[in-house]
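Here's the letter readout for the chains.
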There are 2 protein chains.
Amino acid sequence: MKIICQKEVLLNAVSIASKAVSYKKNMEILECILLIAKSNELTLIANDTEMGIETIVNEGIEIDEAGMIAVNARMLNDVIRKMPEGDIEIYSDEATYVSFKSGDIVFDKIPAHGGETFTLLPNVNYNYNFKIYALTLKDMIRQTIFSVAGEEANRMMTGELFEIKNDHLRIVSLDGHRVALRQVPLREHNDNRKVIIPARTLGEISKIIGDDPEEEIWISISDNHIMFKYGQTRIVSLLIDGDYYEIDALMTTDYSTRVVVNKQSLLECIDRSTLLVRDTDRKPVVFEIMDHVMKLQLKSEFGSMNEPLPIEKEGKDLMIAFNPQFFIDALRVIPDEEVILYMTNPKYPCFIRDNSDSYIYLILPVNF
Amino acid sequence: MKIICQKEVLLNAVSIASKAVSYKKNMEILECILLIAKSNELTLIANDTEMGIETIVNEGIEIDEAGMIAVNARMLNDVIRKMPEGDIEIYSDEATYVSFKSGDIVFDKIPAHGGETFTLLPNVNYNYNFKIYALTLKDMIRQTIFSVAGEEANRMMTGELFEIKNDHLRIVSLDGHRVALRQVPLREHNDNRKVIIPARTLGEISKIIGDDPEEEIWISISDNHIMFKYGQTRIVSLLIDGDYYEIDALMTTDYSTRVVVNKQSLLECIDRSTLLVRDTDRKPVVFEIMDHVMKLQLKSEFGSMNEPLPIEKEGKDLMIAFNPQFFIDALRVIPDEEVILYMTNPKYPCFIRDNSDSYIYLILPVNF
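The residue numbering used here restarts from 1 in each chain and proceeds along that chain's sequence as written. Think of it this way: whatever chain is written first is A, whatever ligand is written first is 1, and the rest follow in order. Confidence filtering applies because this is a predicted model: local features only for residues at pLDDT of at least 70, side-chain atom pairs given and counted only at 80 or more, and all residues used for totals across whole chains, interfaces and linings. Only hydrogens and water are set aside when side-chain values are computed; all heavy atoms of the structure are taken into account.

Draft legend 1. Main features of the overall build of chain A. Along chain A, the regular secondary structure elements total seven helices and 26 strands. For chain A, the spread of C-alpha atoms along the three principal axes comes to 75 × 50 × 35 Å. For chain A, the proportion of its 368 residues judged to be buried stands at 55%. Sequence-distant contacts, at least 24 apart, represent 66% of the contacts inside chain A between residues at least 6 apart. The method behind every accessible area is Shrake-Rupley, applied with a 1.4 Å probe, and residues are considered shielded solely by the protein chains displayed. As displayed, chain A offers around 16,600 Å² of accessible surface, 46% of which is attributable to carbon and sulfur atoms. Strands are runs of DSSP state E lasting at least two residues, helices are runs of H or I lasting at least four, and both sets are numbered from the N terminus onward. Burial here depends on accessible area, computed with a 1.4 Å probe over protein chains only, as a share of the maximum for the residue type. Under 20% is buried, over 50% is exposed, and the range in between is partly exposed. In this analysis, two residues are considered to be in contact whenever any of their non-hydrogen atoms come within 4.5 Å of each other.

Draft legend 2. Up close: the sheet that holds strand β4 (residues 51-57) of chain A. All names here are of chain A. A pair of strands counts as paired when DSSP detects no fewer than two bridges linking them. Spatially, the eight strands line up as an open sheet ordered β6-β2-β3-β4-β17-β16-β15-β10, and their pairing is antiparallel. For this open sheet the edge positions go to β6 (67-72) and β10 (128-133), each flanked by a neighbour on one side alone. Strand-to-strand twist of the sheet, defined as the mean angle between neighbouring strand axes without regard to direction, takes the value 15°. Only the stretch in contact is used when fitting a helix axis, every axis being a line fitted to C-alpha atoms; angles between N-to-C directions are given from 0 to 180 degrees. Taken strand by strand, helix α2 (residues 73-82) contacts β2 (32-38) and β6, and its axis lies near 95° from that of β6.

Draft legend 3. Region of interest: the relation of the copies chain B and chain A. Rotating chain B by 180° and translating it 0.0 Å along the rotation axis places it on chain A, where the RMSD comes to 0.0 Å. With respect to symmetry, the two chain copies, as superposed, fit the operation of a two-fold axis. Closest approach to the rotation axis within chain B is made by the C-alpha atom of Lys 24 of chain B, at a distance of 16 Å. Both copies share a contact surface, since 100% of the interface residues of chain B are interface residues in chain A too. Alignment of copies: least-squares fit on C-alpha atoms of residues with pLDDT of at least 70 in both copies.

Draft legend 4. Examining the environment of Leu 364 of chain B more closely. Residue and element names in this part refer to chain B. Residue position: Leu 364 is located in the segment after β26 (359-363). Using a relative accessible area of 33% as the deciding quantity, one classes Leu 364 as partly exposed. Measuring from C-alpha to C-alpha, the distance between Leu 364 and Ile 105 comes to 60 Å, with 259 residues separating the pair along the chain. Among all residues touching Leu 364, those that are not within four sequence positions of it are Gly 176, His 177, Phe 322 and Pro 349.

Draft legend 5. View of the sheet that holds strand β14 (residues 193-198) of chain A. Residue and element names in this part refer to chain A. Spatial strand order, β14-β11-β12-β13-β26-β25-β24-β18-β22: nine strands in an open sheet with antiparallel pairing. Of all the strands in the sheet, the pair left with one neighbour each is β14 and β22 (312-315). Put simply, the sheet's adjacent strands are angled 15° from each other on average, direction ignored.

Draft legend 6. Up close: the interface of chain B and chain A. Taken together, the contact between chain B and chain A spans 27 residues of the former and 28 residues of the latter. Interface of chain B and chain A: buried area, both sides summed, is about 2,300 Å²; carbon and sulfur atoms make up 63% of it. A simple way to read buried area is as the amount of 1.4 Å-probe accessible surface that goes missing from two parts once joined, with both sides added. A per-residue breakdown of the area chain B buries against chain A is headed by Lys 82, Arg 272 and Leu 275 of chain B, which together make up 28% of the total. Each reported salt bridge corresponds to a side-chain nitrogen of Lys or Arg within 4 Å of a carboxyl oxygen of Asp or Glu. If you look at where chain B meets chain A, you find two salt bridges. The closest approach of N and O atoms between Asp 271 of chain B and Lys 82 of chain A, which form a salt bridge, is 2.8 Å.

Draft legend 7. Focus on the side chain of Arg 178 of chain A. Residue and element names in this part refer to chain A. Within the secondary structure layout, Arg 178 lies in strand β13 (residues 178-185). Under the relative-accessibility criterion, Arg 178 is labelled buried at 9%. Engagement of the side chain of Arg 178 in a polar contact is seen with the side chain of Asp 175, the distance being 3.0 Å. We call two N or O atoms a polar contact when they sit within 3.5 Å, provided that within protein one can donate a hydrogen and the other can accept it, with sequence-adjacent residues counted only if both atoms are side-chain atoms. Polar contacts involving the side chain of Arg 178 include one to the side chain of Asp 329, which spans 2.8 Å. Beyond its immediate stretch of four places on either side in the chain, Arg 178 contacts Phe 146, Ser 147, Ser 173, Phe 326, Asp 329, Leu 362 and Ile 363.

Draft legend 8. Local environment of a negative patch on the surface. All names here are of chain A. Together, Glu 62, Asp 64, Glu 65, Asp 87, Asp 93 and Glu 94 give the surface a local cluster of negative charge. In terms of residue count, the dominant contributor to the negative patch is strand β5 (residues 61-65) (three residues). Note on placement: Asp 93 falls in the loop between β7 (87-91) and β8 (97-102). For patch detection, residues must exceed 30% relative accessible area and be free of salt bridges, and they are connected within 9 Å for like charges or within 5 Å for nonpolar side chains (Val, Leu, Ile, Met, Phe, Trp, Tyr). Charge assignment: positive for Lys and Arg, negative for Asp and Glu; neither His nor the chain ends contribute. In plain terms, the charge of a residue is placed at NZ if it is Lys, CZ if Arg, CG if Asp and CD if Glu.

Draft legend 9. Summary view of the pairing of strand β19 (residues 285-290) of chain B. Residue and element names in this part refer to chain B. Across five bridges, β19 lies against strand β23 (residues 318-322) in antiparallel orientation. The residue of β23 that forms the bridge with Val 285 is Phe 322. Bridge count between β19 and strand β20 (residues 293-300): five bridges; the pairing is antiparallel. Residue pairing in the sheet places Phe 287 in a bridge with Leu 296 of β20.

Draft legend 10. Focus on the packing of helix α6 (residues 263-273) of chain A against helix α7 (residues 324-333) of chain A. Residues and elements named next belong to chain A. Where α6 contacts α7, the axes come no closer than 9 Å and their chain directions differ by 145°. For α6 against α7, the interelement crossing comes out left-handed. Seen from α6, the contacting residues are Lys 263, Leu 266, Leu 267, Ile 270, Asp 271 and Ser 273; seen from α7, they are Pro 324, Phe 327, Ile 328, Leu 331 and Arg 332. Crossing handedness is defined as follows: a turn of the near helix away from the far one that is anticlockwise and smaller than a right angle gives a left-handed crossing, while the clockwise case is right-handed.

Draft legend 11. The arrangement of the environment of Glu 337 of chain B in detail. All names here are of chain B. Considering the arrangement of structural elements, one finds Glu 337 in the loop between α7 (324-333) and β24 (338-343). What makes Glu 337 exposed here is its relative accessible area of 68%. In this structure the C-alpha to C-alpha distance between Glu 337 and Val 98, which are 239 residues apart in sequence, comes to 54 Å. Residues within four places of Glu 337 in sequence aside, it is in contact with Val 261, Asn 262, Lys 263 and Gln 264.

Draft legend 12. A look at the confidence of the model for chain A. Confidence in the prediction of chain A, expressed as mean pLDDT, is 95, and 100% of residues score 70 or more. The ipTM, which scores confidence in the relative placement of chains, is 0.88 for this predicted complex, and the corresponding pTM is 0.91. Within a predicted model, pLDDT stands for the predictor's per-residue confidence, ranging from 0 to 100.

Draft legend 13. Representation of helix α6 (residues 263-273) of chain B in the model. Of all eleven residues in α6 of chain B, eight are buried; the element is thus mostly enclosed. Between a side-chain oxygen at the N-terminus of α6 of chain B and the backbone nitrogen of Gln 264 of chain B the separation is 3.0 Å; the capping residue is Asn 262 of chain B.

Draft legend 14. Expanded view of the packing of aromatic side chains. Residue and element names in this part refer to chain A. Any Phe, Tyr or Trp ring, taking Trp's six-membered ring, that has another such ring centre within 6.5 Å forms a pair; planes under 30 degrees apart are called stacked, those over 60 apart edge-to-face, and the others tilted. For the structure on display, the rule yields 16 aromatic pairs over all chains. Above the face of the Tyr 23 ring, Arg 74 is positioned so that its terminal group lies 3.8 Å from the ring centre. Note on geometry: a ring has a charge over it if NZ (lysine) or CZ (arginine) is within 6 Å of the ring centre and within 35 degrees of the ring normal. Sitting over the face of the ring of Phe 302, Arg 278 holds its NZ or CZ atom 4.1 Å from the ring centroid.

Draft legend 15. Focus on the packing of helix α1 (residues 7-17) of chain A against α2 of chain A. Residue and element names in this part refer to chain A. Packing of α1 against α2 leaves a shortest axis separation of 10 Å and a crossing angle of 155°. When the interaxial angle is binned, α1 and α2 end up roughly antiparallel. The two elements α1 and α2 cross, and the hand of that crossing is left-handed. Facing α1, whose interface residues are Lys 7, Leu 10, Leu 11 and Val 14, α2 presents Leu 76, Asn 77, Ile 80 and Arg 81. An angle counts as roughly parallel when it lies under 35 degrees, as roughly antiparallel when it exceeds 145, as roughly perpendicular when it falls between 65 and 115, and as oblique in every other case.

Draft legend 16. Expanded view of unusual backbone geometry. Residue and element names in this part refer to chain A. Of note in this structure, His 292 is not a glycine but carries a positive phi near 70°. Within the element layout of this structure, His 292 appears in the loop between β19 (285-290) and β20 (293-300). By relative accessible area, His 292 is classed as exposed at 64%. The backbone of Asp 357 sits at a positive phi, close to 55°, despite the residue not being glycine. Residue position: Asp 357 is located in the loop between β25 (350-353) and β26 (359-363). Exposure remark for Asp 357: the relative accessible area of 27% places this residue in the partly exposed category.

This is how it looks when you write it as structure tokens:
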């Protein structure tokens, strides 16, 4: 194999493929990126067995000799990054070493592997396709991924529900204490369908998505896999098996107290209250809701905080308490200046939702 | 005690005093900053027993009731930082709690300590004084502190030599494998004197120094202490006992090979070579010095690097090898575009020095 490629082009492709490299499993081949040079393009593949990424470079590249080689992803990234601007030559005579050259600078005898032992992306028959603006997807992931459960949880809770229903895409995550839901209309008709996607896959995809507001991402689904196609990059991931929780049953619109409050003030106030909270002793923040004012209080061995916030209130007065971090997480990703809270009683969840239901955040209260 | 102070003024003072707070010794009082309010000023003091800092606020402050209280430095910093812009009121009726108020926001019952248990800065009779531009001192510290030895070393090696001699200030550090030396002329006459200052003290001082090129720092010395006075801040530190190593004896000007090379090219080349080095297996970078060219090579199990650099050479050809990190550390802080290396043979140190001896970096070679 012998190729010549511009540094920046190569670095970008390596950075994309690296998102599917796994260092956790302590298997050398999973820490590698496979380079395949043929005709006029270079394909880079990484695959951690749950998620695989393939990205193609066909501009800013010259293929002098076809071939393939698998190189440790960190080494590949570091060598390219530390080379000066300009063209980099990558060549390999046999499958055990690879060399890099830029001007007079030579990196030689870098250990490598043949491509035979490398698992390519699975060949899947997809039976469902839709598309969405990539930046919209990136936003929706950012606005929901924080309430996915940790890895010790039920497997379904470590993923996010993607549900296409009535030509809307709905993304849902939950961890047993809270639910995050985002919903957007799709521009074309699509049949109803739902799948559960590992949060890790979604996290990596949102890192790959750039900032072009016109660029779309194509999503294809099979029984066991999902594929995202974004520019020259394909991401293929296993789906999580199972019937997701009945979200609609949770999403009542009943309430007895409705509060409109400035989002930034509420966020800063709750954030301040966490100064008095240590991990070992999760004290709740108490909302005391009255006409025109909501008093927030937090008491711990480290002190007490008291702050009144001006609000618009409808319905009954209420005292209710929450894990402050759950409110912070939701408020941080809500784009609106004002938020509306719907509550019923101190035992019943609080809903933060906008009038068009483009987002709903459900947060369970705690005892106080 | 009761004071009202602008947030930014308070935050700046707390940030300065925090540099002498120690969390290592697991003693609550050492994690505190003492606030002393009297007449028209607030004094903040922290003291980790080796180094103490005292800083005075007398603008943007109103003292309503004199008094003193010691507050955990992290809590103090966090509460002030998370308050909105504007005035912050700090008050305390007794010595066990302190309260903060900004507008309607109240932080109450924050645990605190009386001032009695707090160790103030020592009263010392200083018998030697000089001054220097603060930014010059900051530069000199940055350009030498990296070659101080770790804490496991001989106590003297964990400090830096400050030597006033012939109206020059010379700062020296060494760790057994290398020496860093910076020297500047002083503007006024001073008697000769030398002391060893803990590197930690110097590191914290360089963080406190701002970017005003006109501001000076006053340095006072006694038998056991050194005091730095910078604006409204005094830093007092214990000195390290002992006779420092005989630096002049090391600093020969003999050489048999003299190389002039572009600093940035040499730095980038050596930095690249470290891609092939892992902590467990410190391979040296080999310099092969010939007429007009110096070839740099590094070989390890992770590959080999080869790069020729154009040089001007005087004297004999030479092959010599170094720990790449020692060269990187020195080259990073040298401000010149070109550096001059003086070498004698593969066993004898390399000197990087400018023509006016404003800096000298001595690096011992290694076997290859």
